[in-house]
Structures are given as structure tokens and as C-alpha cells.
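A look at the structure
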Amino acid sequence: MTPLPPCPGSELSEGSVSLNPMTSKTGRTKAPGYRCAECGWTTAKWVGRCGECQSWGTVEEAGQVMARTTAAATVAKPAQQISDVDASAAAFRATGVGELDRVLGGGLVPGAVILLAGEPGVGKSTLLLDVAARVAGSARDVLYVTGEESAAQVKLRAERIGAVADGLYLTAETDLGIALGQIERVQPSLLIVDSVQTLASSEVEGAAGGVTQVREVAASLINAAKSRGMTTILVGHVTKDGSIAGPRLLEHLVDVVCQFEGDRHSRLRLLRAVKNRYGPTDEVGCFDLTEEGIESLADPSGLFLSMVSEPVSGTCITVALEGRRPLVAEVQALLAETANAQPRRTTSGLDSSRVAMMMAVLQRRAAMSLHRDDSYVATVGGVKLNEPATDLATALAIASAKSNKPLPKGLIAFGEIGLAGEVRPVPGIGRRIQEAGRLGFTHAVVPASHGGAGKLPDGFRIKEVQTVAEALDLLFGNGAAASNITRLPTASRAAE
């Protein structure tokens, strides 16, 4: 029987290997052609869902690239023992903005790349322009690359906030190659790019702000920063849910990731470090955004207290922890009887689900009738209190509004409340009490078995409560609230 001729292209010559979709003529395998834009997971074929991070629609074609094995190269600079490495080149340099230095861990590190993200209009460009002027004023050149505004527009804002300095260079560019040329010409010690989503490389396909472009721009700028010892601050956009736009790989490549937060109807702005290779991530910087610019707030607690001199029913002062920083804030509650079958539950600055839980606990565990009242619970100054330690202050404010009795003057309260009505311990009791004593408060209602509040301020009194019913009986039972506060132990007795 005559054998069938082989198919075209199927002949095997001497030394060759069989061909398959993932094997080249030389026997080298091809790298997977699809990559997840979020986590970098690779696969040989397209899938709708990433197999690593389980994200939908993030797998994109990366191109079939030949996988080669790189031979070992000659070592120009041998590895050093960690004890022999000179760390002076990476020492912190203060920016002149105290709250920014606090969040970064001491200042800017040469060669570090910082990603600053925040919602539009929160004040990112204003803050960085102020930082650029302060750094330029210390005899260090700064290059400010703006892709969203013209140089004239940036100068107008700089004149308004007093951020004009001789060593500050401005350029309005959206091309990565030209921006790198400006860096070569100016040789700055600090580079600010506003924003990384506006730059695009002509060597890479895709529009500015796309995954491929953002990855290429970030990699080029990071390489320039590391090779020159140039501190780089990249401004990043955020999505509608508040996360940083672009590939998640961007957050992995940079050294520091900061979030700039704030309500557009409030002057307060908070700066948090989500990732920091050179310092802590639990520090919070506070800023005051005004028409004249942005200023650091070393003591922001005064913004969150009402200006009423005498106690008013429905208000309670608490101390929240923002990172390591204690912030004194005020919770206000207003109850109004309603004829509707479904009363309104309105909150501002507090978690609505926790406020609803506090009202349910008061109704069930403290026999307080609230099902016929519209409730309005809010914070003063637009501060957001999401910490469970504010539960006790929220409950006392609601109880004060219901009984129409003000809490004693100079009283603070903090503690987490469980569904059983128990008051649970919270961290940082000592720091909260010290901050309250510094601002002139004299009494505190705290959870029992709090683990010790340390040395109390002179004349400060505390009372430990185990349940919310015990706290209500202490403040509102058997007479006026002001008379009950005299039963609180003094600082000397509490220390014993």
C-alpha cells in the first residue's frame, strides 16, 4: 500500500523538533500571550476572569514573546554585606511641610518614588505646588511637569498661594520622551508629575491613561529616579469607588502610596500612607485648605467641636484615633416625634449601620422607646468617624436627645458597644485621655477592664462602665446629670 505523502510543513529534518502552537522552530517555547492588568498573572489563552486575583475583564493580550534564557553577565560591582552599605545617601530630607514629613516618616528620600492619589478638587496639586516651592527655596532644583494645565495656569495658582521660587521649573508636557529630556536638562532633585495618567510614550500603542501607557510611563520615570537619586512624586487619578486608577502593578512599583482625602464641603484634608517602605503606615497628616492655600494642622481638634459655651442636649464629645493621632470630635443627635409608620434615620459623618445598631441596643437593652422618633445623627466639622470606639458617644448623644438632658460639661466618652449592650475596651485609652486632658476636659466614661489608662492628667476623673445601661444610669438616673458626675473617682483614686 502506497503511504500518503506528508502534509506540507510537517517534515522533520535532522535536529528539528515537532511543531505545536506553543513551540517555535528552534525548540524554544513562547511565553504566554495574555496578562492580567491587575496582578500580572499570565496565561496562554484569553479568559474572562483572572485565575489569580479573580478580577473580571482584566486579562489583555500581551503579545507572543520568545522566552529566552539569559546567560550570566560579568559583575561590575560585587554585592556588599548589609553592614557595609552606606545608608547616608538615603537619609530623609525635610520638605518644610510638617504634616507631610510626619506621614512620610521624616521627609523625602533621594531616589524614592511616591504615588499621591485623591479625588478631583481635594487639593493634591495645591499641596504639591507648596512642597515644590519650599524645596526649591532650600537651594534644590525642582521640576514640575503638568499635563492637565498650562504653565501659565500653574503660575497663577502659585502666585495665589505664595509658592513662587527661583529653583522651581515648570513644563506643560504630555509626551514622555520630552519630559525625560527636560529631566536631563534641569537635573532636578525633586520631580513632580501631575499626573501620571496624562503622560504617554510614542513607543507604546494606546491612549494616555491606558494600562499599557501607565505601565510604560511609570517604569521609565522610576528608572530615571533610581539612576539619578531623584525623588519623584506622581499624582494618580482615582476611580469612582475611590481606588487608584490604572494597573495595580503601579502601586507595587512605587515606594510610597499616599491617599489624600477630604469632603469638598469641609476645609479639613487628611493624608494617609497606604504603603511606605521608609516609614510607618499608621500616621495621618491633617491640612486646612483655604483660599490662600493649604496649611498644616498640628492641632486639628478644634475644628470638630461646636462653639456653644454651655452644654446642649443631644451632644457628646469623643476621642477618635486617626492612625496614631487622637482627634477630639463631637457627635450630635436630634430626635423628633413623627406620625409616619417608618421613621427617618439620617446620619452624616458616621456609619449609618452602626448608628442604627446603637438605636436598637438602646431600645432593647436600655428600655428606650425610639420607634416613633425621626433621628438625625451627625458630626461637627465634617469629620468622618468610622471607628467602633465612637459607639458609646453616639449612644449617649441619642439618649441625651431623648431625655432632653445635656451631658455634664467637660465630659468625654468612648467605647465599643456590642449587641448584648456591653461596653468593650478599645485601643489607645491613655492617648485619648491625655489628648482630652490637654484640651481642658475633666471627666471620661470609659470601658471597664480597659487595661490601664496610664498616668492621668491632674484633676481628671474617670468612670468605668460595663454596659450601656450602667452608663445611662450614671449620667441620667436619679437626678440631674450634673449631680451624678460628682460620683466619678478622681485621678489619684483611680491610679490606686
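Residues numbered from 1 in each chain as written. Predicted model: local features only at pLDDT ≥ 70, side-chain atom pairs only at ≥ 80, totals over all residues. Heavy atoms only, no water.

**Comments concerning the overall build of the chain**
- Looking only at helices and strands, the chain has twelve helices and 21 strands in total.
- Relative to its 496 residues, the chain shows a buried fraction of 45%.
- By sequence separation, contacts in the chain at least 24 residues apart represent 65% of the contacts at least 6 residues apart.
- Carbon and sulfur atoms provide 51% of the accessible area of the chain, an area that totals close to 25,400 Å². (Helix = DSSP H or I, 4+ residues; strand = E, 2+ residues; numbered from the N terminus. Buried < 20%, exposed > 50% of the residue type's maximum accessible area, 1.4 Å probe, protein only. Contact = heavy atoms within 4.5 Å. Areas by Shrake-Rupley, 256 points an atom, 1.4 Å probe, with all protein chains shown as cover.)

**Some words on the UniProt feature "binding site: ATP" (unreviewed entry) in the chain**
- Under the local residue numbering, the UniProt record ascribes the feature "binding site: ATP" (unreviewed entry) to Gly118, Glu119, Pro120, Gly121, Val122, Gly123, Lys124 and Ser125.
- Positionally, glycine 121 belongs in the loop between β4 (113-118) and α2 (124-136).
- Along the chain, lysine 124 turns up in helix α2.
- Excluding anything up to four places from it in sequence, lysine 124 contacts Leu116, Ala117, Gly118, Glu119, Val235, Gly236 and Phe260.
- A distance of 3.1 Å separates a polar side-chain atom of lysine 124 from the backbone oxygen of glutamate 119. (UniProt positions renumbered as here; feature names shortened; annotations may be inferred. Polar contact = N/O pair within 3.5 Å; in protein donor to acceptor, adjacent residues only side chain to side chain.)

**Some remarks on the sheet that holds strand β1 (residues 34-36)**
- Taken in spatial order, the three strands of this open sheet run β2-β1-β3, and their pairing is antiparallel. In the strand order of this sheet, the two ends are held by β2 (42-43) and β3 (59-61), each with one partner.
- Two strands pair when backbone bridges link them, and β1 and β3 are joined in this way by three bridges, in the antiparallel orientation. Paired with cysteine 36 across the bridge in β3 is valine 59. (Pairing = 2+ DSSP bridges.)

**Let's talk about the sheet that holds β4**
- With mixed pairing, the nine strands of this open sheet are ordered in space as β6-β5-β7-β8-β4-β9-β10-β11-β12. With partners counted over all chains shown, the strands left at the sheet margins are β6 (168-172) and β12 (293-296), one partner each. Going across the sheet, the axis of each strand differs from the next one's by a mean of 20°, ignoring polarity.
- By the bridge criterion, five bridges tie β4 to strand β8 (residues 231-236) in an arrangement that is parallel. (Axes fitted to C-alpha atoms, helices over the stretch in contact; angles between N-to-C directions.)

**Looking at the pattern of salt bridges**
- According to the stated counting rule, one finds 20 salt bridges in the structure shown.
- Across the pair aspartate 130 and arginine 134 runs a salt bridge, and its minimum N-O distance is 3.2 Å. Within this pair, aspartate 130 and its partner arginine 134 are both found in helix α2, separated by four residues, close to a single helical turn.
- The exposure class assigned to aspartate 130 is buried, which follows from its relative accessible area of 11%.
- The residue arginine 267 makes a salt bridge to aspartate 288 at a minimum N-O spacing of 2.4 Å. Residue arginine 267 is located in the loop between β9 (256-261) and β10 (268-276), and its partner aspartate 288 is located in strand β11 (residues 284-290); the two are separated by 21 residues in the primary sequence.
- Given the relative accessible area of 7%, aspartate 288 is considered buried.
- Each of Arg102, Asp282, Glu283 and Arg324 takes part in a single network of salt bridges with overlapping partners. (Salt bridge = Lys/Arg side-chain N within 4 Å of Asp/Glu carboxyl O.)

**Let's talk about unusual backbone geometry**
- Aspartate 194 connects to serine 195 through a cis peptide bond whose omega is 5°.
- Within the element layout of this structure, serine 195 appears in the loop between β7 (190-194) and α5 (211-228).
- With a phi close to 55°, alanine 367 is a non-glycine residue in the positive phi region.
- Secondary-structure assignment places alanine 367 in the loop between α7 (352-365) and β16 (373-379).
- The exposure class of alanine 367 is exposed, given its relative accessible area of 70%.

**What about the nonpolar core?**
- If you look at the biggest cluster of nonpolar residues, it comprises 45 residues, and the most contacted ones within it are Leu362, Leu392, Leu396, Ile398, Val445 and Leu472.
- Of all the elements in the fold, those that place two or more residues in this core are β10, β11, β13 (315-322), β14 (325-337), α7, α8 (391-403), β17 (411-413) and α10 (468-476).
- It is α8 that contributes the most residues to this core, eight residues altogether.
- Apart from the residues within four sequence positions on either side, leucine 392 is in contact with Ala413, Phe414, Gly415, Ile417, Val423, Val445 and Ala471.
- Ranked by size, the runner-up nonpolar core spans 36 residues in total, among them Ile114, Tyr144, Ile161 and Val256. (Core = buried A, V, L, I, M, F, W, Y, C linked by side-chain atoms within 4.5 Å.)

**Here we look at the packing of aromatic side chains**
- Per the stated rule, a full pass over the model turns up one aromatic pair.
- Seen from their ring centres, phenylalanine 260 and phenylalanine 287 are 5.9 Å apart, and the 75° between their planes marks the pair as edge-to-face. Here phenylalanine 260 is found in strand β9, whereas its partner phenylalanine 287 is found in strand β11, with 27 residues between them in sequence. Per residue, the accessibility class of phenylalanine 260 equals that of phenylalanine 287, and both read buried. (Phe/Tyr/Trp six-rings, centres within 6.5 Å; stacked < 30°, edge-to-face > 60°.)

**Brief notes about the environment of valine 426**
- Tracing the sequence through the fold places valine 426 in the loop between β19 (423-424) and α9 (429-438).
- Using a relative accessible area of 8% as the deciding quantity, one classes valine 426 as buried.
- Along the chain, valine 426 and proline 447 lie 21 residues apart, while their C-alpha atoms are 7.8 Å from each other.
- In contact with valine 426, not counting residues within four places along its chain, are Ala389, Phe414, Gly415, Glu416 and Arg432.

**Let's talk about the pairing of β12**
- Summarising the sheet, β11 and β12 pair through four bridges and their orientation is antiparallel. When the bridges of β12 are listed, aspartate 288 appears paired with glutamate 295.
- The hairpin turn running from β11 into β12, its antiparallel successor, is two residues long.

**Describing α9**
- All buried positions along α9 are accounted for by Ile429, Arg432, Ile433, Glu435 and Ala436. Around the axis of α9, the buried residues are gathered within 160° of arc, so they sit on the same side.
- Taken together, the buried residues of α9 touch β13, β14, β17, β20 (443-447) and β21 (461-465).
- Just past α9, the residue glycine 440 takes up positive phi, approximately 100°. (Arc of directions from axis to C-beta.)

**So, the packing of helix α4 (residues 176-186) against α5**
- The geometry of α4 relative to α5 is characterised by a closest axis approach of 11 Å and an angle of 10° between their N-to-C directions. Comparing the axis directions of α4 and α5 gives the class roughly parallel. The residues of α5 that touch α4, namely those facing Leu176, Leu180, Ile183 and Glu184, are Glu216, Val217, Ser220, Leu221, Ala224 and Arg228.
- Tallied by class, residues from the contact of α4 with α5 come to six nonpolar, one polar and three charged. (Parallel < 35°, antiparallel > 145°, perpendicular 65-115°, else oblique. Nonpolar A, V, L, I, M, F, W, Y, C, P; charged D, E, K, R; others polar.)

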